[in-house]
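# Residue-level structural notes
Chain by chain, the residues run as shown.
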Amino acid sequence: MPLTSPRRSALADQVIAQLRAQITSGDWPVGSRIPTEPELVEQLGVARNTVREAVRALAHNGLLDIRQGSGTYVVATSELAGVMNRRFADADPRHVAELRSALETEAARLAAHRRTEQDLRQLDALLERRERAWESGAAEAFVEADATLHMAVVAASHNDVLAELYADLGGVLREFLRADVGEVLRPEAHMDHARLVAAIRAGDGERAAAEASAHPFGCRLGAGPLGAVEQVP
């Protein structure tokens, strides 16, 4: 086994930890482009090779995606999320929809019984943001707003294990939602999420679960990965 410089390895590990912290804290959200290599060198006060080594390590672990000519982007919030992204990139769309339905159904049921006033305010704000994004016609903004609302519903379940599992699957779910929505928002594909929020507010677990269970199957696109998914009555 070849020997390596302890000082350099330790320094690279520190840089990796700092970059990872920017990602996990949300300062660099999924989909965002991180600072350029020269910018990171200046901000961190380390050599270019150390920055490059750290970025490559996080790319190898699935947190970053290095795109030649474009930059480096955040694609996952943890190593496990990165593994999930790679493992399920080619999964059967029906299976992804079924998994999402299972997780969100139970999360909504729990949220109806455990939500706090702060949770309700957050859900109201995110629901409004989702509707504004839809009205704007910006598909990518809508995908992010929709995904964030669903994440908030899961968070309102106050089940940390469920919330972390859902977050680790977030990249997978976003990719399938992005492909399902397409580049153009169409009126017939819009789904009302106000009923879900209202059921959670009312403390009606069964109604909240019923609303959440159908959402993953609700888009009715003629093309795209979920286009062939059979509708749930």
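All values derive from a computational prediction rather than experimental measurement.

## A closer look at the overall build of the protein chain
Counting secondary structure elements, the protein chain contains 11 helices and 2 strands. Split into buried and exposed, the 233 residues of the protein chain put 42% on the buried side. At a minimum sequence separation of 6, the contacts of the protein chain that also span at least 24 residues come to 68%. Element-wise, carbon and sulfur atoms account for 53% of the exposed surface of the protein chain, whose accessible area totals about 12,600 Å².

## Some details on the pattern of salt bridges
For the structure on display, the rule yields 18 salt bridges. The salt bridge involving Arg-20 is made with Glu-79; its shortest N-O contact spans 2.8 Å. Of the two residues, Arg-20 sits in helix α1 (residues 6-24) while Glu-79 sits in helix α4 (residues 79-87), which places them 59 residues apart along the sequence.

## A closer look at helix α10 (residues 194-202)
Residues Leu-196, Val-197, Ala-199 and Ile-200 constitute the buried set of α10. Projected down its long axis, α10 carries its buried residues within an arc of 160°, all on one side. Those residues of α10 that are buried lie in contact with α5 (93-114), α6 (117-136), α7 (139-155) and α11 (205-214). One or two steps after α10, the chain reaches Gly-203, where phi turns positive at roughly 75°.

## Examining the packing of aromatic side chains
Tallied over the full model, the rule gives 1 aromatic pair. Judged by centre distance (5.0 Å) and plane angle (70°), the ring pair of Trp-134 and Phe-142 falls under edge-to-face. Geometry around Tyr-73 places Arg-67 over its ring, the cationic atom sitting 4.1 Å from the centre.

## Re the environment of Val-184
By secondary structure assignment, the location of Val-184 is in the loop between α9 (170-181) and α10. Residue Val-184 is classed as exposed on the basis of its relative accessible area, which comes to 58%. Between the alpha carbons of Val-184 and Glu-140 there is a distance of 9.5 Å; along the sequence they are 44 residues apart.

## A look at the nonpolar core
One finds Ala-108, Leu-123, Leu-149, Val-153, Leu-196, Ile-200 and Ala-208 to be the most contacted residues of the largest nonpolar core, which totals 17 residues. Residue assignment for this core shows that the elements contributing at least two residues are α5, α6, α7, α10 and α11. In this structure Leu-149 touches Leu-123, Leu-126, Leu-127, Arg-130 and His-193, once residues within four positions along its chain are discounted. With 15 residues, the next largest nonpolar core counts Leu-40, Val-55, Leu-58 and Val-74 among its residues.

## Looking at the packing of α10 against α11
Contact geometry for α10 and α11: axes closest at 8 Å, N-to-C directions at 160°. Between α10 and α11, the angle falls in the class roughly antiparallel. Here α10 and α11 pass one another in a crossing that is left-handed. Packed against α10, whose contacting residues are Arg-195, Leu-196, Ala-198, Ala-199, Ile-200 and Ala-202, the element α11 presents Arg-207, Ala-208, Glu-211 and Ala-212 at the interface.

## Regarding the pairing of strand β2 (residues 71-74)
Summarising the sheet, strand β1 (residues 64-67) and β2 pair through 4 bridges and their orientation is antiparallel. Residue Asp-65 lies in a different strand from β2, and its bridge partner there is Tyr-73.

## Here's the deal with the packing of α6 against α10
Helices that pack against each other are described as a pair by the angle of their axes relative to one another and the distance between those axes. Two elements in contact, α6 and α10, have axes whose closest approach is 11 Å; the angle formed by their N-to-C orientations is 170°. On the basis of the axis angle, α6 is roughly antiparallel to α10. For the pair α6 and α10, contact is made by Leu-120, Leu-123, Asp-124 and Leu-127 and by Ala-194, Val-197, Ile-200 and Arg-201, respectively. Considering only residue class, the contact of α6 with α10 consists of 6 nonpolar, no polar and 2 charged.

## Considering the confidence of the model for the protein chain
Regions with low pLDDT carry predicted coordinates that are not meant to be interpreted in detail. Averaged over every residue, the pLDDT of the protein chain is 85; the share at 70 or more is 89%. Counting interchain partners and residues more than four positions distant, the pLDDT-below-50 stretch residues 220-233 has 29 contacts.

## Section: the side chain of His-215
Residue placement: His-215 occurs in the segment after α11. For His-215, the contacting residues outside a window of four places in its chain are Arg-100, His-150, Met-191, Asp-192, His-193 and Leu-196.

## Some words on the environment of Ser-157
Among the structural elements, Ser-157 can be located in the loop between α7 and α8 (160-168). Taking the C-alpha atoms as reference, Ser-157 lies 7.7 Å from Ala-112; in sequence the two are 45 residues apart. Excluding anything up to four places from it in sequence, Ser-157 contacts Ala-107, Leu-110, Ala-111, Arg-114 and Leu-162.

The rules behind each value
- Residues numbered from 1 in each chain as written.
- Predicted model: local features only at pLDDT ≥ 70, side-chain atom pairs only at ≥ 80, totals over all residues.
- Heavy atoms only, no water.
- Helix = DSSP H or I, 4+ residues; strand = E, 2+ residues; numbered from the N terminus.
- Buried < 20%, exposed > 50% of the residue type's maximum accessible area, 1.4 Å probe, protein only.
- Contact = heavy atoms within 4.5 Å.
- Areas by Shrake-Rupley, 256 points an atom, 1.4 Å probe, with all protein chains shown as cover.
- Salt bridge = Lys/Arg side-chain N within 4 Å of Asp/Glu carboxyl O.
- Arc of directions from axis to C-beta.
- Phe/Tyr/Trp six-rings, centres within 6.5 Å; stacked < 30°, edge-to-face > 60°.
- Lys NZ or Arg CZ within 6 Å of the ring centre and 35° of its normal.
- Core = buried A, V, L, I, M, F, W, Y, C linked by side-chain atoms within 4.5 Å.
- Axes fitted to C-alpha atoms, helices over the stretch in contact; angles between N-to-C directions.
- Parallel < 35°, antiparallel > 145°, perpendicular 65-115°, else oblique.
- Left-handed = near helix turned anticlockwise from the far one by under 90°.
- Pairing = 2+ DSSP bridges.
- Nonpolar A, V, L, I, M, F, W, Y, C, P; charged D, E, K, R; others polar.
- pLDDT = per-residue confidence, 0-100.

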